[in-house]
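This is what each chain is made of:
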Amino acid sequence: MSISALSYILSSPKRRKQSLFVDSDPEPEEISAPVTSSGPPEKSLPAVGTEDQTQHTSDIPPLPSSQESEYAVACRCGMIGNGYDLQLEEGMIKCDECDNWSHIACQRNGRASSLRSREKFLRSRREKAPKVPLAKRLLAGKGALARHGKFWYPVRLIRFHGEMDAWQVRWWRGCRFPPDRPVDLQSLVPTTDLLDELWQDRTRRRAIRLGQWTHAHDVPVGEDIIYSFHDVPYPPEMDNILAPHKFTIQYLISLPRLENIQHLPVGRHLQLQGRKVSLTGGYPVKYCGDLTAIQQAQVAHWIYDNFEEARETVVQWLGCAPFAHALSIVLACNKRSILEADPSYPRDGTTDAQEEFILEAAWATLLEQTGRSTDVTHTDVDLECLSAFEQRLFEKSARSGSAGNFQWGLDAGNHQDSWDPYAGLPSHWNHEDRNEGDPDYDENELEVLCLQPFAAVLANNNHSAGQISATAKMWLQARMSFSFQVANAHHGLESDSKQNPMGNLENEER
């Protein structure tokens, strides 16, 4: 791209307009002022999004020989420098607040392309901190933090009881409460013991110590739950249902010939389908009826615990004939009253005939209702609520401001069991659109981080204030570096000093 084209891109610094590059070369538009070394030319362009925005061309007066004036480019994509020196091939837009130029195409959700005629463009668009009192920000269905002891845990707000000034809440099932302080899954919590995400409230975030919980993105769903069955305990009722059938299930685990299991619905199904032993060594059967993933995991866990040979041959029975047969037995128990009401049920037959009918009907249900479980038809509202709430808790962006810069608990002490709530968070929660040069950036965000958690311990051992500060910063650097490496691992990237917010500390301070 020619330097004259670049001067055209850098034109009109006072107006929020868009420049587009086209291959045609029509008549040049009138330039309102000649280009000088003190600034770019003023040029009248149509507003972004108007019909004639594609009519601008690159027939532009040449850039003056003097290039002492620097046109700062600082785009969220990482391009930084003098616009005259950079190889710019995209439309640019200038921030009305900091005067830095950015690529139009790099702005989130195309916002730079949809500005109205007189609307200002702000490179670091920030949301204002809420002015509504906390009591009015707590709404049924939203996520919140509830105090339990000295730590705060996530809950879903259910109903407000005005007469008691308390909320009925449902605690997140992944909260790891201290063993000596259990909590009912659903309980009343006084409004004074509730907080929202404290959006852009850096001071109050620093005073909150978080209890440990399982992040929403770490919760297994669907097949992940089934294959992690060791983590899903089964209730005593499961043993009552399956124990009478242990001999049959064990026989199926031993991989008998199909002709030897034709008395079972699963055997007749395999014979009819012409199924053969898979590469993993079992007869695959991918039907589960309307049983949830949790129920299936409970069945798998029961099989694993009750048959020693099953512990070394999981791939031969999980998702295969023994597992499917056990699922059909559970379905037969769950739907027994419905199946017994069937007109074909042999009410006057023998007990064996009745049981054979129930098992056969349960197998038909297993085949017909696969995919109709509550996992598919129902939403895990607790998981959905926590997922949205956690993003507001931990988002690191220009919108969240300084409060989003690893602030939780920094003036209060360690979180429960020294838990690091930032480790392994989704990488897209770090927007990478807020840097040290931004107008709202405060150097104190990093300079005073984590001094309080170390101060009490180190001061008791006669450490100086300088040693306390240095130790705290070393710990913070290690924690942030680890968090960024985990986030970058999702993209196959290596963490470098530019991504480490503590990379600018002097060596002697480390």
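Residues numbered from 1 in each chain as written. Predicted model: local features only at pLDDT ≥ 70, side-chain atom pairs only at ≥ 80, totals over all residues. Heavy atoms only, no water.

A. How the structure looks around the pattern of salt bridges. Applying the stated rule across the entire model yields 14 salt bridges. For Asp411, the salt bridge identified is with Arg206, shortest N-O distance 2.9 Å. In this pair, Asp411 sits in the loop between α14 (381-394) and α15 (444-447) while Arg206 sits in helix α3 (residues 202-206), placing the two residues 205 residues apart along the sequence. Note on Asp411: relative accessible area 39%, which makes it partly exposed. Glu355 serves as the salt-bridge partner of Arg336, at 2.5 Å between the closest nitrogen and oxygen. One end of the pair, Arg336, is in helix α11 (residues 336-340); the other, Glu355, is in helix α12 (residues 351-368), with 19 residues separating them in the sequence. Judged by relative accessible area, Arg336 falls into the partly exposed class, the value being 27%. Sharing partners across several salt bridges, the network here consists of Arg156, Arg170 and Asp382. (Salt bridge = Lys/Arg side-chain N within 4 Å of Asp/Glu carboxyl O. Helix = DSSP H or I, 4+ residues; strand = E, 2+ residues; numbered from the N terminus. Buried < 20%, exposed > 50% of the residue type's maximum accessible area, 1.4 Å probe, protein only.)

B. Inspection of helix α7 (residues 265-273) at higher detail. The complete set of buried residues in α7 reads Pro265, Val266, Gly267, His269 and Leu270. In this structure, the buried side of α7 is in contact with α6 (246-253), α10 (321-334) and α12. The first or second residue beyond α7 is Gly274, which carries a positive phi of 65°. (Contact = heavy atoms within 4.5 Å.)

C. Up close: the nonpolar core. By size, the foremost hydrophobic cluster in this structure holds 47 residues, and its most contacted members are Leu242, Ile249, Val266, Val299, Ile303, Trp317 and Phe323. Breaking this core down by element, the ones donating at least two residues are α4 (223-227), α5 (236-242), α6, α7, α8 (293-306), α10 and α12. No other element matches α10, which puts nine residues into this core. Residues contacting Ile303, with those up to four places away along its chain left out, are Ile253, Ala310, Trp317, Pro322, Phe323 and Ala326. Counting residues in hydrophobic clusters, the runner-up holds 35 residues, among them Ala144, Ala146, Tyr153 and Leu210. (Core = buried A, V, L, I, M, F, W, Y, C linked by side-chain atoms within 4.5 Å.)

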